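So the chains spell out like this:
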Amino acid sequence: MTEKAVVRTELAPAPFQGAPYSQAIRAGDLVFVSGQLALAPGSHEMVADTIEEQTEQVFRNLRAILEEAGSSLERIVKTTVYLTDLANFQGMNEVYRTHVGENSPARATLEVSALPSGALVEIEAVALA
């Protein structure tokens, strides 16, 4: 059976105090990254107001975690995107496209009623290690 290993980097926000989750888990050849918000490392404050700026910060966080796990944005195979308003889909998608490359991963995009810290977008990912 494959063992799981917790992935942790100071270059991305830590889980909220007391929250029972990890930034990511590496299991075998896969890395499962928890949903990332537009939070700066070492902070629980939003770093941006627009969907484009928030999506950029989310990808900075995803990149840092994936690199700590020995992976990269190019190795993402599946994402789930949570938006508080589907009217933000186009703005998120324009930024998203610049980070995932030509061989885009599988993706689901959902509208949710709210996200932590008033975020407009949250993205979780599964990548090859």
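S.K.: Just checking my understanding: could you explain the overall build of the protein chain for this structure?
M.R.: Scanning the protein chain from terminus to terminus reveals two helices and six strands. Ordered by position in the sequence, the α and β elements of the protein chain form the string β-β-β-α-β-α-β-β. Rg of the C-alpha trace for the protein chain: 14 Å, near the compact-globule value of 14 Å for 129 residues, within the 12% margin. Dimensions of the protein chain, computed from C-alpha atoms along their principal axes, come out at roughly 45 × 35 × 20 Å. Taken over 129 residues, the protein chain has a buried fraction of 42%. Within the protein chain, counting contacts between residues at least 6 apart in sequence, those at least 24 apart form 69% of the total. Charge separation in the protein chain, taken as the distance between the mean sites of 9 positive and 17 negative side-chain charges, equals 7 Å.

S.K.: Is there a simple way to think about the packing of aromatic side chains in this case?
M.R.: Between two aromatic rings, the relevant description is the distance of the centres plus the angle of the planes. Throughout the structure, instances matching the rule amount to one aromatic pair. Between Phe 59 and Tyr 96, the aromatic rings sit 5.5 Å apart at their centres with planes inclined by 80°, giving edge-to-face as the arrangement. Of this pair, Phe 59 sits in helix H1 (residues 51-68) while Tyr 96 is found in helix H2 (residues 89-100), placing the two residues 37 residues apart along the sequence. Across this residue pair, the class does not change: Phe 59 and Tyr 96 are buried. Taking NZ or CZ as reference, Arg 107 lies 4.5 Å from the ring centre of Tyr 96, over its face.

What counts and how
Residues numbered from 1 in each chain as written. Predicted model: local features only at pLDDT ≥ 70, side-chain atom pairs only at ≥ 80, totals over all residues. Heavy atoms only, no water. Helix = DSSP H or I, 4+ residues; strand = E, 2+ residues; numbered from the N terminus. Rg over C-alpha atoms; globule rule 2.2 N^0.38 Å. Buried < 20%, exposed > 50% of the residue type's maximum accessible area, 1.4 Å probe, protein only. Contact = heavy atoms within 4.5 Å. Lys, Arg positive; Asp, Glu negative; His and termini not counted. Charge placed at Lys NZ, Arg CZ, Asp CG, Glu CD. Phe/Tyr/Trp six-rings, centres within 6.5 Å; stacked < 30°, edge-to-face > 60°. Lys NZ or Arg CZ within 6 Å of the ring centre and 35° of its normal.

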